[in-house]
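Descriptive structure summary
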Amino acid sequence: MNSNLRHLTHSFKLCVIGGGLAGMCAAVAAARHGAKVALIHDRPVLGGNASSEIRMWPLGCHGEHNRESGIIEEIFVKNMFRNPIKNYSVWDSILYETVRFEKNIELFLNCSCADCETDGNRIISVDAWQLTTYTWYTIKADIFIDCSGDSILAPLSGAAYRVGRESFSEFGEPIGHEKSDRKTMGMSCLIQAIETEKPSYFTPPPWANVYETDESLCFRGHSMKEITQNFWWIELGGEDDSIHDTEKLRDELLKVAFGVWDHIKNRGDHGADNWELSWIGFLPGKRESRRYEGDYILKQHDLAQGTKFDDVVAYGGWPMDDHDPAGFHHKGAPNINHPVTIPYGIPYRCLYSRNVDNLMFAGRNISVTHAALSSTRVMATCAVIGQAAGTAASIAIKEHTTPRGVYKHHIKFLQSMLLEDDTYLPGMVRDIPAVTANASLTGFGTGIENIRNGIDRHIESYEDNMARLTLGKPLTYAFSEATDLRRLRILFDSDLERATIDGHRVLRRYPMIANKFLDSRE
């Protein structure tokens, strides 16, 4: 580092690198459990692929009653209240305040991790460059969680990682290829548009690609009548280096994006006469690059068959949504969806390094095969993985142990903490405190005991898991001895199905939306 530039050193218990939804949830979870946390993020806004810079709506597990809860649901509920029109600037502010005003977190925005110091199998510190202040920071910590997506600490620390698609012979995955390769899913620059009350015109830049006919966009639905159109298929880079070629790929993606909108507006009838281009992303949203190797590598069989893990700490349920590496240049269907068990569990052993003792990870870079990544990469799934990693890190810090030590000695405690913090773990029931379990519970209605059965949603064999009270009548706990009410918490269902929210039955389930219709009601 140049000695003429400012250089500051800080010490924390936990350092999280990457402020996407996974990194945010990891930092908040650890901070709420008492850890002093540094969150380093290389962009001016938080949220990663969900931010205003990329604008992919964050989705997760399919199926009724499977919506992710915990910290990510707190963010979504706050957004519904504060941002009903789903404005991206307001969304950015909600993500910002979630971290910035959380006790125990120091936020370093516009700050890129550039190096790290190691001692044997441990990371001692990381060096990060903050562009806005022209300052070098050295951040020391006991535990590091890499939520950067691109796994920046892998090449810097020597942590084991892999890139690309596995061969069939390695794990016997049906999605596997005859030979392993370094091809990945690509990255996208998205488009957003707004419907107006009168026709508008569009003149493309001279460097935009030209797509004369619909055959040029074969298998890429591009009608503006599609309510969930978000142009995810404007995708390139899977046959290139998805890290080092990003700038070159961005330039090509912009040519495609402007060319696609030119085609929609000027070359055929796509229901777009009254539509105006409102935004094109200049920062590509990535799907895949480096993946760490942990004590366990999650595979296609685990997702398809719903493997039961004793160390389950998160879950997913998006299909294995495998994109062709050629992306937009592929002449066939841009992706293939392979089935998964809904929901499937994600084990804790996928969240820490197998060879760097104090390194964890959360997000799309966890210990999975390419096949499994095609499901676990979606953002709401990454968020619950992040909460699990941050909670585990807080235990490691308090118990003066390693992330692997948490697995060996504290996994049940970790699971109980996650359940108490409003996450859902498939197949597990939340413990009920004795003070509540032993109290007398009465009410006018049916299913009263469901209030304290430790199952917090309609799942598995609990399809009608609710108390139905007579209108205007109370539900009463009676304690047999003096009770400190500060030990009690009342949690309300946040309407996981969004059945009480106004608007289109599909779009009301999305935290954010892509295109703005004049009338999206049904």
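For the structure itself, look to the data block above.
This report concerns the structure included in the present document. Computed from a prediction, not measured in an experiment: that's the story for all the values here.

**Thoughts on empty space enclosed by the protein**
Inspection of every chain in the model, using the stated rule, returns 4 cavities of 30 Å³ or more. Surrounding the largest cavity, Arg67, Phe76, Asn79, Met80, Lys86, Arg498, Arg508, Arg509, Tyr510 and Pro511 form its lining. Among the residues making up the lining of the largest cavity, the classes are represented as 4 nonpolar, 1 polar and 5 charged.

**Focus: the pattern of salt bridges**
Summed over the entire model, instances satisfying the criterion amount to 30 salt bridges. In this structure, the salt-bridge partner of Lys78 is Glu97, at a minimum N-O distance of 3.2 Å. With Lys78 in helix H2 (residues 71–82) and Glu97 in helix H3 (residues 88–100), this residue pair connects regions lying 19 residues apart in the sequence. Using a relative accessible area of 22% as the deciding quantity, one classes Glu97 as partly exposed. Among the charged side chains, a network of salt bridges with common partners joins Arg162, Glu166, Glu170, Glu288, Arg291, Glu293 and Arg354.

**Details of a nonpolar patch on the surface**
The grouping of Leu5, Leu131 and Tyr134 at the surface amounts to a nonpolar patch, some 310 Å² of accessible area in total. Mapped onto the elements of the fold, Tyr134 is located in the loop between strand S6 (122–130) and strand S7 (135–140). Judged by relative accessible area, Tyr134 falls into the exposed class, the value being 51%.

**Here's the deal with the side chain of Asp495**
Within the secondary structure, Asp495 sits in the segment after strand S24 (475–478). Buried and without a salt bridge, Asp495 has Arg498 as its closest oppositely charged side chain, separated by 6.0 Å. Reaching out from Asp495, the side chain makes a polar contact with the backbone nitrogen of Ala499 at a distance of 3.1 Å.

**Considering the packing of helix H1 (residues 21–32) against helix H9 (residues 379–399)**
Packing of H1 against H9 brings their axes to within 7 Å, and their N-to-C directions diverge by 30°. Here H9 runs roughly parallel to H1, going by the angle between their axes. The chirality of how H1 crosses H9 is right-handed. Residues Leu21, Ala22, Cys25, Ala26, Ala29 and Ala30 of H1 form the contact with H9, whose participating residues are Met379, Cys382, Ala383, Gly386, Gln387, Gly390, Thr391 and Ser394. Residues belonging to the contact of H1 with H9 are distributed by class as follows: 9 nonpolar, 5 polar and no charged.

**Quick look at the environment of Gly332**
Note that Gly332 resides in the loop between strand S17 (320–323) and strand S18 (335–338). Judged by its relative accessible area of 17%, Gly332 falls in the buried class. Setting aside chain neighbours within four positions, we find Gly332 in contact with Phe219 and Arg220.

**Section: the packing of aromatic side chains**
The final tally for this structure, using the stated rule, is 17 aromatic pairs. Measuring from ring centre to ring centre gives 5.9 Å for Trp129 and Tyr134, while their planes differ by 70°; the resulting arrangement is edge-to-face. The partly exposed category is assigned to Trp129, whose relative accessible area is 22%. Their ring planes at 70° and their centres at 5.1 Å tell us that Tyr315 and Tyr424 sit as a pair that is edge-to-face. With a gap of 109 residues between them, Tyr315 in strand S16 (residues 312–316) and Tyr424 in the loop between helix H11 (411–420) and helix H12 (434–437) connect regions that are remote in the sequence. Residue Tyr424 is classed as buried on the basis of its relative accessible area, which comes to 6%. In this structure an aromatic cluster arises from ring pairing among Tyr211, Phe231, Trp233 and Phe328. Lying over the aromatic face of Tyr161, Arg290 brings its terminal NZ or CZ to 5.8 Å of the ring centre.

**Focus: unusual backbone geometry**
Cis peptide bonds are those with omega within 30 degrees of zero, and the linkage from Ile342 to Pro343 qualifies with -5°. Of note, Pro343 is situated in the loop between S18 and strand S19 (344–347). One non-glycine residue, Asp422, lies in the positive phi region at around 75°. Looking at where Asp422 falls in the secondary structure, it is placed in the loop between H11 and H12. Phi at Arg498 is positive, roughly 55°, even though this residue is not glycine. What makes Arg498 buried here is its relative accessible area of 2%.

**Observations regarding the sheet that holds strand S12 (residues 235–236)**
A sheet is described by the order of its strands in space; here 3 strands give the open sequence S12-S10-S14, paired in antiparallel fashion. Each having just a single partner strand, S12 and strand S14 (285–286) make up the two edges of the open sheet. Sheet topology note: the strand S10 (residues 187–188)/S14 ladder contains 2 bridges and is antiparallel. The residue of S14 that forms the bridge with Met187 is Lys286.

What counts, and at which threshold
Residues numbered from 1 in each chain as written. Predicted model: local features only at pLDDT ≥ 70, side-chain atom pairs only at ≥ 80, totals over all residues. Heavy atoms only, no water. 1 Å grid on protein atoms, 1.4 Å probe; cavity = no way out; pocket = protein on both sides within 12 Å on 5 of 7 lines; lining within 4 Å. Points joined across faces, edges and corners; volume = space filled by probe spheres on them. Nonpolar A, V, L, I, M, F, W, Y, C, P; charged D, E, K, R; others polar. Salt bridge = Lys/Arg side-chain N within 4 Å of Asp/Glu carboxyl O. Helix = DSSP H or I, 4+ residues; strand = E, 2+ residues; numbered from the N terminus. Buried < 20%, exposed > 50% of the residue type's maximum accessible area, 1.4 Å probe, protein only. Patch = residues over 30% accessible without salt bridge, like charges linked within 9 Å, V, L, I, M, F, W, Y side chains within 5 Å. Areas by Shrake-Rupley, 256 points an atom, 1.4 Å probe, with all protein chains shown as cover. Lys, Arg positive; Asp, Glu negative; His and termini not counted. Polar contact = N/O pair within 3.5 Å; in protein donor to acceptor, adjacent residues only side chain to side chain. Axes fitted to C-alpha atoms, helices over the stretch in contact; angles between N-to-C directions. Parallel < 35°, antiparallel > 145°, perpendicular 65-115°, else oblique. Left-handed = near helix turned anticlockwise from the far one by under 90°. Contact = heavy atoms within 4.5 Å. Phe/Tyr/Trp six-rings, centres within 6.5 Å; stacked < 30°, edge-to-face > 60°. Lys NZ or Arg CZ within 6 Å of the ring centre and 35° of its normal. Pairing = 2+ DSSP bridges.

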